[in-house]
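Now for the letters of each chain:
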Amino acid sequence: MNKVEMIKSLSFRAYNITEPNTKSYTTNSQKLEQDLMRNAALGQSQINFKGRLFNINKKDLLFLSTLAASFGLSAEYLDKLKQTLSEFLSDNDFKSMDELAGKNYIPEQVDLAEKLRAAMDFNDDNADDAEDRLSFIMDMVIERCEAGENYFPEINDFKETAQIKKAEEVMLGENIKRYIKMEKDNDERLINALSTTFELDNDDKKKLREIIDTCLKDNKVISLKQFRNYDESDAIVAYLAGIITDEFGLSDYDNILISSEIIERIMADDGYIPKLNPLDRNEEISRRDKTVFMEILDGYNIDLQTQENLYFAMKEDAYKNKYSSILDLFSNGKDINQYKVTSSVLNSPELYNYKTDLVIDFHLALKNLEAIQEKQRAKEYAAKSRYSKQSAIICLLEKQCGLTQNSIEKLLNYFKTQKLDYSDANDRWKAAYDISDLLNISGKQVNEIIKKINSMDEDELDEYNFKLSKLIISKITEA
């Protein structure tokens, strides 16, 4: 490590190489002038320079006086500091420390800090605080150089400042330890959730922990959360889920459940709460329950996070009571208040006004399961068909008009806000008008494209989902 790197690493504060930090203080101008004159007079009256004389300006004298006061130095040492600064400025053809501002003068700042430290005659051979002293001086040099004429320092006792810094470092170390423990605990929650869901015994649970620990070590991270910002996080999730699936002889559907839960863990903020439980393993019942749940909640103006909270609360209570379905919570006239987690969410401010109606709807759903599922399936089919047609519209417009990446993004954002039936004449013309206005192209041309799409069969339309993905990738590559 060279001298510049060493000083920067020791510094009490980071050196901003792009935006120098200029500290300004508002003070009484008359008092300031008196203080500066007093410092200058003190500097001229104490001891005569024995070396070359150099006219040190008031701000530099103020800097030296502040430096000496911070270390509790005598007037004799103050004179040594003046001599040192005078010779340094003269040797380097500087008029004052003002000319040392900016990243280009870091080497000179380092050199000056070392010379000033040497002038103080500290015995640094075995001193525990030698690095702290040099860092402190470097900070003061940087502050003086960057402040220029706006330099109005506060005297900070070195020993007190060093103690504060050490205390902050200890506190930082403790915070890091707490953070690491929290993230390790969150990883352990994932391990517990997977072990419970897939009925792993203690030996298998140990193997699962070893698999995850090996993945962390191979990627040089301490917790799964750190994969959040990895460019290849999807590949890591797929690899980890695949290893777990193969190790315990699980199914492809189980692999999907594992992948989803690992992603939940990675994307969780501070408090990761597992979403997976054994009810999810019954694919048929799980899909039916989610379908019924979404069909009922679609009738209410409830945000997605609250819907999710209710769904996972119902799953938890159903599992705790050894039910196979969340709908069992409402069978045979059971009182929902006996289920603590679900009742807590239903009584939250977000759901309190909907609680009674929701409970009634879930009770009624038990009598109309097939009709509800059929209705939801029809919605899903319509959404799938609509997306395929939207993909085809973009691809055919690109073929005829040559769309830019920005134009495609505009269309995708537009389609997110629309649920149009492109087979309906009114909806078809609305889409044609909106798109023509959005892209400044012919509405008649867009209408003809939509009519052409309506004549395609389902298989042909489905191909455009893949074609759109390829088109988007190609535009990104071009950019």
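The coordinates are above.
Residues numbered from 1 in each chain as written. Predicted model: local features only at pLDDT ≥ 70, side-chain atom pairs only at ≥ 80, totals over all residues. Heavy atoms only, no water.

Draft legend 1. Spotlight on the overall build of the protein chain. Helix and strand content of the protein chain: 19 helices and 0 strands. In the protein chain, which comprises 479 residues, the share counted as buried stands at 42%. If you take every contact in the protein chain between residues at least 6 apart in sequence, the share linking residues at least 24 apart comes to 68%. Put simply, the protein chain shows about 27500 Å² of open surface, and 49% of that area lies on carbon and sulfur atoms. (Helix = DSSP H or I, 4+ residues; strand = E, 2+ residues; numbered from the N terminus. Buried < 20%, exposed > 50% of the residue type's maximum accessible area, 1.4 Å probe, protein only. Contact = heavy atoms within 4.5 Å. Areas by Shrake-Rupley, 256 points an atom, 1.4 Å probe, with all protein chains shown as cover.)

Draft legend 2. Just the packing of helix α11 (residues 283-297) against helix α14 (residues 355-365), in detail. Running from N to C, α11 and α14 point in directions that differ by 135°, and their axes come no closer than 11 Å. By the angle between their axes, α11 is oblique relative to α14. Considering only the axes of α11 and α14, their crossing is right-handed. Counted together, Val292, Phe293, Ile296 and Leu297 of α11 and Leu358, Asp361, Phe362 and Ala365 of α14 form the full contact between these two elements. (Axes fitted to C-alpha atoms, helices over the stretch in contact; angles between N-to-C directions. Parallel < 35°, antiparallel > 145°, perpendicular 65-115°, else oblique. Left-handed = near helix turned anticlockwise from the far one by under 90°.)

Draft legend 3. Examining helix α6 (residues 130-147) more closely. Counted at 1.5 Å a residue, the expected span for α6 with its 18 residues is 26 Å, and the 26 Å between its end C-alpha atoms agrees. With 17 of its 18 residues buried, α6 lies for the most part within the structure. Positive phi appears at Gly148, one or two residues downstream of α6, with a value of about 60°. (Expected span 1.5 Å × (residues − 1).)

Draft legend 4. Geometry of a negative patch on the surface. There is a patch of like negative charges on the surface, built from Asp457, Asp459, Glu460 and Glu463. Accessibility expressed as a relative area gives 48% for Asp457, which makes it partly exposed. (Patch = residues over 30% accessible without salt bridge, like charges linked within 9 Å, V, L, I, M, F, W, Y side chains within 5 Å. Salt bridge = Lys/Arg side-chain N within 4 Å of Asp/Glu carboxyl O. Lys, Arg positive; Asp, Glu negative; His and termini not counted. Charge placed at Lys NZ, Arg CZ, Asp CG, Glu CD.)

Draft legend 5. Expanded view of the packing of aromatic side chains. Scanning all chains against the criterion turns up 11 aromatic pairs. Pairing Tyr323 with Tyr339 gives two aromatic rings, centres 6.3 Å apart and planes at 80°, and the pair type is edge-to-face. Of the two residues, Tyr323 sits in the loop between α12 (304-320) and α13 (340-346) while Tyr339 sits in the loop between α12 and α13, which places them 16 residues apart along the sequence. A residue is classified by how much of its surface remains accessible, and Tyr339, at 2% relative accessible area, is buried. Ring geometry for Phe330 against Phe362: centres 4.8 Å apart, planes inclined by 10°, an arrangement best described as stacked. Here the residue Phe330 occupies a position in the loop between α12 and α13, and Phe362 occupies one in helix α14, the gap between them amounting to 32 residues. (Phe/Tyr/Trp six-rings, centres within 6.5 Å; stacked < 30°, edge-to-face > 60°.)

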